[in-house]
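Spelled out from the first residue to the last, the chains are:
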Amino acid sequence: MARVGRLAGALLAETEGAYYLVGNTKVPCDFRAAGFEPPGEIDALKTPYVRLTPLREVTVAPPVLLLGVEGEELARRLARRFLIERNGSVSDRLFRLVWSPDDPLEEPGPEERDARWLGEIPDPIWQVVRDTVLRCL
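Residues numbered from 1 in each chain as written. Predicted model: local features only at pLDDT ≥ 70, side-chain atom pairs only at ≥ 80, totals over all residues. Heavy atoms only, no water.

Attention shifts here to the environment of Pro 48. Secondary-structure assignment places Pro 48 in the loop between helix H1 (31-34) and strand E4 (49-52). As for Pro 48 and Glu 85, which are separated by 37 residues in sequence, their C-alpha atoms are 9.7 Å apart. Sequence-distant contacts of Pro 48, that is, excluding residues within four places in its chain, are made with Leu 21, Val 22, Gly 23, Ala 79 and Leu 83. (Helix = DSSP H or I, 4+ residues; strand = E, 2+ residues; numbered from the N terminus. Contact = heavy atoms within 4.5 Å.)

What follows is about helix H3 (residues 92-99). In an α-helix, one turn spans 3.6 residues; hence positions three or four apart end up facing the same way. What H3 keeps buried is the set Leu 94, Phe 95, Val 98 and Trp 99. Relative to the axis of H3, the buried residues are bounded by an arc of 140° and lie together on one face. The N-cap of H3, judged by a side-chain oxygen 3.4 Å from the amide nitrogen of Arg 93 a few residues on, is Ser 91. (Buried < 20%, exposed > 50% of the residue type's maximum accessible area, 1.4 Å probe, protein only. Arc of directions from axis to C-beta. Polar contact = N/O pair within 3.5 Å; in protein donor to acceptor, adjacent residues only side chain to side chain.)

Our focus in this paragraph is the side chain of Arg 130. Take Arg 130: it is sitting in helix H5 (residues 123-135). Buried within the structure, Arg 130 lacks any salt-bridge partner; its nearest side chain of opposite charge belongs to Glu 85, at an N-O separation of 4.3 Å. Separated by 2.6 Å, the side chain of Arg 130 and the backbone oxygen of Leu 83 make a polar contact. (Lys, Arg positive; Asp, Glu negative; His and termini not counted. Salt bridge = Lys/Arg side-chain N within 4 Å of Asp/Glu carboxyl O.)

Below you can see the structure in the form of structure tokens.
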């Protein structure tokens, strides 16, 4: 089961022992302190995800989404699901929607959520959802 959390505003995905950073970071990130070799230039408009090289054992910090999609396909699918096309950033609204529309991230709650449905929902259906959410003010 793949684990997906946040790192500096981007998504951090752990799948089959590999780690991917999906999207642009929103705040400065000390990758070494987070347990990774700095990835160099991050520009999600050019490359929506980058593979990270761990320096030590890394645990994805909560809140964590659990997905059944594995490997590089997980990173591709997360980019299609969460990235804002004009700037390559992760949509906080979409992440909160997947986490739970009735359970804000700021309140104490479970550390993990089963989100296998996100990997299984067809792209055209998710596109309707994301267009609606991203259009709302």
